[in-house]
Amino acid sequence: MMIFMLILPFLNQFLLVALNFRYFVQKLDKPGCFSFPTGVFSIQGFAGAYGINYGRLADNIPSPDEVVRLLRQLKIRNIRIFDSDHTVLQAFSRTGLNLVIGLNNGLVKDINSSADHAMNWVKDNVQSFLPNTRIRGIAIGNEILGGSDSDLYGALVGAMKNVHDALRKLKLHEQIQITTAHSQAVFSNSYPPSSCRFRDDIIHYMKPVLEFFQEIGSPFCLNAYPFLSYMGDPENIDINYALFEPNNGTYDPITDLHYDNMLDAQIDAAYAALESAGYNKMEVIITETGWASKGDSNEVAATVRNARTYNYNLRKRLAKRKGTPMRPKSVLKAYIFALFNEYQKPGPTSERNFGLFQADGTIAYNIGFQGIGSSAYSLKDFQACYHLSLYAITLASSAAVLLLLTRLL
């Protein structure tokens, strides 16, 4: 009788779940239901060949907890954010997802001027979330060199060194990589790729950054957008060349290399600039790339069809795990921009429409993710599948406990 009383709660739980078992089994057959990520993760800052930028310049996008479930469903394990928001960092705790966080441009001068401030920032925004949140990299600023605020140019390398010193003192420097992302504005010329050089007014600031990155083993991070290049010269650039579609390509007479897509050419232009500056062994990683799905009247290339084509073909390109014509053995790594459309971003309409998903969680277009059949598939579907999986786990656990206890009888 005593044993029966002990197992009674388990029997109740089992019966409650069993009553809905048939319903939930049917629901679990729904394509795209939640599955747990597997595999071994790299400790590099920008890990893996494929990642995504999770920007939040909008007040109507899903919560960080919902975003985590979405990312796990999409099997995207490498994520970059542009700040160190604690709500986001907490949501990513114990998820197994690799995260690159950002120290935004507004903090660079302060962090450069004070090692103590750098230490406090690292303790508050990095150390306090480890090891549960897998912070693998810190991006110091974004597109500072070549940007509009030249006062930040001289502060960048000092800020990076102070943050790295703080990590070293906390014995975290071997776990977390320091980087900064550059736009193509740092280059004076990029065609043909082998002729690319850093701008004369930038190289004075760029060399100390590259020297520091060579010392600590960090890559050169580039935000590259064939969309913007095509928009700047649509009469002379074949849109198929920008979209990874079949085309005649371009030829670099200096290196005798052929390019069948613009992104490869942009990456090799960066390699040429690095080689010219004396850093021919530094890896180039694409930290942002994407295509807008909507634009103003003068942004005719910003369409859903082109956005889907670019991102779908890019995903296929990365899956091949190959390099560029100039660096064929260096596996290309790229982070899609972006996860969501962000309506609070300034600038033309295209700036607010780079997301794979709409702000409400509805998919903007499908680039081949399994279980996502149409634009009507929304975050609510992911949430439903997630909860259904929890019911299945509860059912299996209850059945196992019941079986074990009944054997004791």
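Everything discussed here concerns the structure shown above.
Residues numbered from 1 in each chain as written. Predicted model: local features only at pLDDT ≥ 70, side-chain atom pairs only at ≥ 80, totals over all residues. Heavy atoms only, no water.

1. Examining the packing of aromatic side chains
Working step 1: Evaluated as defined, the whole model comprises 16 aromatic pairs.
Working step 2: Look at Phe 187 and Phe 220: their rings are 6.4 Å apart centre to centre, the planes differ by 35 degrees, and that puts the pair in the tilted class. Taken together, the residues span a long stretch of sequence, with Phe 187 in strand β6 (residues 187-189) and Phe 220 in strand β8 (residues 220-223) at a distance of 33 residues. Note on accessibility: Phe 187 and Phe 220 belong to one class, buried.
Working step 3: With centroids separated by 6.4 Å and ring planes inclined at 80 degrees, the aromatic side chains of Tyr 225 and Phe 337 adopt a geometry described as edge-to-face. Here the residue Tyr 225 occupies a position in the loop between β8 and α9 (226-232), and Phe 337 occupies one in the loop between β12 (334-336) and α13 (379-408), the gap between them amounting to 112 residues. Taken individually, Tyr 225 and Phe 337 each receive the classification buried, so the pair is uniform in this respect.
Working step 4: Taken together, the ring pairs connect Phe 82, Tyr 225, Phe 227, Phe 244, Trp 291, Tyr 310, Phe 337 and Phe 354 into an aromatic cluster.
Working step 5: When the ring centre of Tyr 54 is taken as reference, the NZ or CZ atom of Arg 56 above it lies at 5.8 Å.
Working step 6: The aromatic ring of Tyr 271 is capped on one face by Arg 327, whose charged end is 4.7 Å from the ring centroid. (Phe/Tyr/Trp six-rings, centres within 6.5 Å; stacked < 30°, edge-to-face > 60°. Helix = DSSP H or I, 4+ residues; strand = E, 2+ residues; numbered from the N terminus. Buried < 20%, exposed > 50% of the residue type's maximum accessible area, 1.4 Å probe, protein only. Lys NZ or Arg CZ within 6 Å of the ring centre and 35° of its normal.)

2. Quick word on unusual backbone geometry
Working step 1: Here Tyr 191 and Pro 192 are connected by a cis peptide whose omega angle stands at -5 degrees.
Working step 2: Take Pro 192: it is sitting in the loop between β6 and β7 (197-198).
Working step 3: Phe 337 connects to Ala 338 through a cis peptide bond whose omega is 10 degrees.
Working step 4: Along the chain, Ala 338 falls in the loop between β12 and α13.
Working step 5: Even without a glycine there, the phi angle at Lys 75 is positive, about 60 degrees.
Working step 6: Here Lys 75 is to be found in the loop between α3 (64-74) and β2 (78-80).
Working step 7: The residue Glu 143 is not glycine, and still its phi comes out positive at about 55 degrees.

3. So, the nonpolar core
Working step 1: Of all hydrophobic cores here, the largest spans 111 residues; its most connected members are Tyr 54, Ile 138, Ile 140, Phe 198 and Phe 220.
Working step 2: Counting residues per element, this core draws most heavily on helix α11 (residues 262-277), which supplies 11 residues.
Working step 3: The residues touching Phe 220, leaving out its near neighbours within four places in the chain, are His 182, Phe 187, Phe 198, Met 206, Leu 210, Ala 270, Leu 274, Met 282, Glu 283, Val 284 and Ile 285. (Core = buried A, V, L, I, M, F, W, Y, C linked by side-chain atoms within 4.5 Å. Contact = heavy atoms within 4.5 Å.)

4. Digging into the packing of helix α6 (residues 115-125) against helix α7 (residues 153-169)
Working step 1: Contact pair α6 / α7: the axes reach a minimum separation of 8 Å and the direction vectors enclose 60 degrees. Classed by the angle they form, the pair α6 and α7 counts as oblique. Considering how the two elements wind past one another, α6 and α7 form a crossing that is right-handed. Every residue of α7 that contacts α6 at Ala 115, Ala 118, Met 119 and Val 122 is listed here: Asn 162, Val 163, Ala 166, Leu 167 and Lys 169.
Working step 2: The residue inventory of the contact of α6 with α7, partitioned by class, reads seven nonpolar, one polar and one charged. (Axes fitted to C-alpha atoms, helices over the stretch in contact; angles between N-to-C directions. Parallel < 35°, antiparallel > 145°, perpendicular 65-115°, else oblique. Left-handed = near helix turned anticlockwise from the far one by under 90°. Nonpolar A, V, L, I, M, F, W, Y, C, P; charged D, E, K, R; others polar.)

5. As for the side chain of Arg 80
Working step 1: Relative to the helices and strands, Arg 80 is located in strand β2.
Working step 2: In this structure the side chain of Arg 80 is engaged in a polar contact, spanning 3.4 Å, whose partner is the backbone oxygen of Thr 287. (Polar contact = N/O pair within 3.5 Å; in protein donor to acceptor, adjacent residues only side chain to side chain.)

6. Regarding the side chain of Thr 133
Working step 1: By secondary structure assignment, the location of Thr 133 is in the loop between α6 and β4 (134-142).
Working step 2: Contacts of Thr 133, omitting those with residues within four sequence positions, involve Leu 89, Phe 92, Ser 93 and Leu 99.

7. Some remarks on the pairing of strand β11 (residues 284-289)
Working step 1: Taking burial as the measure, the six residues of β11 include six buried ones, the bulk of the element.
Working step 2: In terms of strand pairing, β8 meets β11 through four bridges, oriented parallel. Each residue of the ladder has a partner; that of Phe 220, found in β11, is Val 284.
Working step 3: Two elements, β11 and β12, share two bridges in a ladder whose sense is parallel. Paired with Ile 286 across the bridge in β12 is Ala 334.
Working step 4: Crossover β11 to β12 through helix α12 (residues 304-319) is right-handed. (Pairing = 2+ DSSP bridges. Right-handed = clockwise from strand over helix to strand, strands pointing away.)

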